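Secondary and tertiary structure notes
Below, each chain spelled out in residue letters.
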Amino acid sequence: MSDLAKGFDTLQIHAGAGPDPTTGARQVPIYQSTAFVFRDADHAARLFNLEEVGYIYSRLTNPTVGALQQRVAALEGGVGAIGCSSGHAAQIMALFPLMAPGRNVVVSTRLYGGTVTQMTQTIRRFGWSATFVDFDDLDAIRAAIDDDTRAVFCESIANPGGYITDLDAVAEVAREAGLPLIVDNTSATPWLCRPFEHGATLVVHSTTKYLTGNGTVTGGVVVDSGTFDWSASGKFPSLSEPEPAYHGLKFHETFGKMAFTFHGVAIGLRDLGMTMNPQAAHYTLMGIETLSLRMARHVENAVKIANWLEKDPRVDYVTYAGLPSSPYHSRVEKICPRGAGALFTFAVKGGYDSCVKLIDAVEIFSHVANLGDAKSLIIHSASTTHRQLDANQQVAAGAPPEVVRVSIGIEDADDLIADLDQALAKATA
Ligand SMILES: *Cc1c(COP(=O)(O)O)cnc(C)c1O
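It should be emphasised that the depicted structure is a prediction, and the values quoted were computed from it without experimental measurement. (Residues numbered from 1 in each chain as written. Predicted model: local features only at pLDDT ≥ 70, side-chain atom pairs only at ≥ 80, totals over all residues. Heavy atoms only, no water.)

1. What about the pairing of strand 14 (residues 403-407)?
Counted only if it meets this: In this scheme, a residue with accessible area under 20% of its type's maximum is buried, one over 50% is exposed, and one in between is partly exposed, where area comes from a 1.4 Å probe on protein chains only. We count a stretch as a helix when DSSP gives it H or I for four or more residues in a row; a strand needs E for two or more, and each element gets its number in order from the N terminus. One requirement defines pairing of two strands: DSSP has to find at least two bridges between them.
By the criterion of burial, strand 14 is predominantly enclosed, with 5 of the 5 residues buried. In strand 14, alternate side chains face the same way, and those of Val403, Arg405 and Ser407 on one face and Val404 and Val406 on the other are all buried. In the sheet, strand 13 (residues 377-379) pairs with strand 14 via 3 bridges, with the strands oriented antiparallel. Across the sheet, the residue bridging to Ile378 is Val406, located in strand 14.

2. A look at the site of the ligand
Stated precisely, the cut-off is as follows: Proximity is defined per residue: if any heavy atom of the residue lies within 4 Å of a molecule or strand, that residue is considered near it. What qualifies as a polar contact is a pair of N or O atoms within 3.5 Å, subject to a donor-acceptor requirement within protein and to the restriction that residues adjacent in sequence count only when both atoms come from side chains. Per-residue and other accessible areas were derived by the Shrake-Rupley procedure at a 1.4 Å probe size, with only the shown protein chains allowed to occlude residues. Only Asp, Glu, Lys and Arg are considered charged in this grouping, and only Ala, Val, Leu, Ile, Met, Phe, Trp, Tyr, Cys and Pro are considered nonpolar; every other residue, Gly among them, is considered polar.
Around the ligand sit 15 residues in total, of which Gly87, Asp184, Ser206, Thr208 and Lys209 are the nearest. Between an oxygen atom of the ligand and a main-chain N or O atom of His88, the distance comes to 2.9 Å. Within the side chain of Ser206, an N or O atom sits 2.8 Å from an oxygen atom of the ligand. When the ligand sits alone it has 380 Å² of accessible area, and the protein chains cover 92% of it. Examining the composition of the shell around the ligand, we find that 3 residues originate from one element, helix 4 (residues 87-95), more than from any other. Residue classes in the shell around the ligand are distributed as 2 nonpolar, 10 polar and 3 charged.

3. Here's the deal with the domain arrangement of the protein
For clarity, the threshold we go by: Bear in mind that the domain bounds are from an automatic or database domain assignment. Buried area: the sum, over both parts, of the accessible surface (1.4 Å probe) that disappears when the two are put together. Salt bridge, as used here, is a side-chain nitrogen of Lys or Arg placed within 4 Å of a carboxyl oxygen of Asp or Glu.
According to the domain assignment, the protein consists of domain 1 (8-98 + 180-287) and domain 2 (292-427). Each of domain 1 and domain 2 was reduced to a C-alpha centroid, and the two centroids are 32 Å apart. Buried area between domain 1 and domain 2, summed over both chains or domains, comes out near 1,600 Å², and the portion from carbon and sulfur atoms is 57%. Of all residues in domain 1, the largest losses of buried area upon contact with domain 2 belong to Trp191, Leu192 and Tyr210, amounting jointly to 49% of the total for that side. Our count for the contact surface shared by domain 1 and domain 2 stands at 0 salt bridges. If you look at where domain 1 meets domain 2, you find 7 residue pairs in polar contact (both at pLDDT 80 or more). Counting residues per element, the ones that place at least two in the side of domain 1 that touches domain 2 are helix 1 (8-14) and helix 8 (189-192). Here the side of domain 1 that touches domain 2 is composed, by residue class, of 7 nonpolar, 10 polar and 2 charged.

4. Observations regarding unusual backbone geometry
The backbone of Thr189 shows a phi angle near 65°, a positive value even though the residue is not glycine. Positionally, Thr189 belongs in helix 8. The residue His247 is not glycine, and still its phi comes out positive at about 30°. Take His247: it is sitting in the loop between helix 9 (237-240) and helix 10 (251-255).

5. What to know about the packing of aromatic side chains
We apply this condition: Pairing of aromatic rings covers Phe, Tyr and Trp, the last through its six-membered ring, and needs centres within 6.5 Å; plane angles under 30 degrees mean stacked, over 60 mean edge-to-face, and all others mean tilted. Consider the ring centre and the ring normal. A charge sits over the ring if Lys NZ or Arg CZ is within 6 Å of that centre and within 35 degrees of that normal.
What the rule picks out here adds up to 12 aromatic pairs. Considering the side-chain rings of Tyr246 and Phe251, the 6.1 Å spacing of their centres and the 85° angle between planes classify their relative orientation as edge-to-face. For the pair Tyr246 and Phe251, one class covers both residues: buried. Consider the rings of Phe251 and Phe255, whose centres lie 5.8 Å apart with planes at 45°: the pair is tilted. Taken together, the residues Phe251 and Phe255, both in helix 10 and 4 residues apart, mark about one turn of the helix. A residue is classified by how much of its surface remains accessible, and Phe251, at 0% relative accessible area, is buried. Of the residues examined, Phe255 reaches a relative accessible area of 15% and is grouped as buried. Site record: aromatic cluster; members linked through ring pairs are Phe228, Trp230, Phe236 and Phe260. Sitting above the plane of the Tyr163 ring, Arg110 keeps its charged end 4.0 Å from the centroid.

6. Here we look at the packing of helix 15 (residues 351-361) against helix 17 (residues 413-427)
Put simply, the test is: Axes here refer to lines fitted to C-alpha atoms; in helices the fit is confined to the stretch in contact. Angles between the N-to-C directions go from 0 to 180 degrees. Throughout this description, any angle smaller than 35 degrees is read as roughly parallel, any larger than 145 degrees as roughly antiparallel, any in the 65 to 115 degree range as roughly perpendicular, and the remainder as oblique. Helix crossings fall into two classes, left-handed where the near helix is turned counterclockwise from the far one by less than a right angle and right-handed where it is turned clockwise. For this analysis, residues touch if any pair of their heavy atoms sits within 4.5 Å.
Packing of helix 15 against helix 17 leaves a shortest axis separation of 8 Å and a crossing angle of 135°. Taken together, helix 15 and helix 17 sit at an angle that is classed as oblique. Handedness of the helix 15/helix 17 crossing: right-handed. Contacts between helix 15 and helix 17 involve Ser354, Lys357, Leu358 and Ala361 from the first element and Leu420, Gln422, Ala423, Leu424, Lys426 and Ala427 from the second. Taken together, the residues of the contact of helix 15 with helix 17 break down into 6 nonpolar, 2 polar and 2 charged.

7. Quick word on the side chain of Asp166
Tracing the backbone through its elements, the reader meets Asp166 in the loop between strand 6 (163-164) and helix 7 (167-176). Within the local environment of Asp166, its side chain forms a polar contact with the side chain of Lys334, the two groups lying 3.0 Å apart. The contact partners of Asp166, leaving out residues within four places of it in the chain, are Arg331, Lys334 and Ile335.

8. What to know about the environment of Gly220
Position of Gly220 relative to the elements: it lies in strand 9 (residues 220-224). Overall, Gly220 belongs to the buried group, its relative accessible area being 0%. The sequence separation of Gly220 and Ile82 amounts to 138 residues, and the corresponding C-alpha distance is 8.3 Å. Apart from residues no more than four positions distant in its own chain, Gly220 is found in contact with Ile82, Gly83, Cys84, Ser85, Ser86, Gly87, Ala90, His205, Ser206, Thr207 and Met276.

Put into structure tokens, the structure is as follows:
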């Protein structure tokens, strides 16, 4: 890629890839190959010793996945990235080098439903735990951090409730405690929010959503800012001390700001195997080429539709930070100046029953458990994505029973409004 490529719209098309060196293929090919031939025995040994970076085996590295990793790292302003099989895999991969049995992560209550379940239940099998806190209460975050805390975790724009985290303030609390801040930037994408500019250490994405943008493949990425000093506190021995899982290699000393990325590939992907496949990477690369254009339209449509809904007497309230009525409206300019995303909830008069009727009545909106598609999507979170949560957790997560969540697509806003209009009529008749 030319050194001239600096702007977001150029990087989303060119970062991480150029014409294929052997064939001239202009689009990044799907390198559908498990293994890659070594030049000679010395080359193989150097690769395995991490003295040279190259392709060995696709559980670790693959050229198509590699192009995507570099592209997302460039868009986020990070030094490296690790492609994973899903967003949930990326979350585990982000925590893995930091955590150990008995350690905990302090997390926001406002998270994707599946992440709440992953953090409350599944990580306990590894001996890890999560402490849930309201991230608007900085003292509560400080109080939740103890000697065993190894990370702080939140979403930039939180799914599903139209909530925006004050990343700068949370990052400062993490910094005071000597801890990395991990931000799930799925709902915002780097076009709306760049968490590293607000003090985050790592960013995770479900590339399944806006980055791919067409609902075809699942994937995830962990991006490293390269700015955290893993050796300062002695709390991150996998990175600062001799790593027994890699013949005693000291990752931070050896790789400097690339320590986390190298560890993620050499140990995380090698031993956990939550690897992105090259076909998924290819679809996501194609999607990313139009990310900024899509996000601009997503936001434009979301603003129109949220404004229309808020004025409708059949709607009790709309939680979209893009509306001046939102308590989080003042954070838009600071955290995501191009807009508050395209994900919000609204409460239908008549509560749970009306929500269910509305979902059965829509014609253009699709009733699916997904978000960030070009198509407009709708779901009743309390009975689906947030069903495993108890009533208090549902309210804390922004998914009480009286709201439906919409992911506004890039169709004609007028058609989407007409669809919601006719569905609301049926739901509240
Ligand atoms: C979808 C999603 C995830 C999980 O990603 P998968 O690719 O489905 O595993 C995590 N966080 C957020 C904010 C999401 O929207």
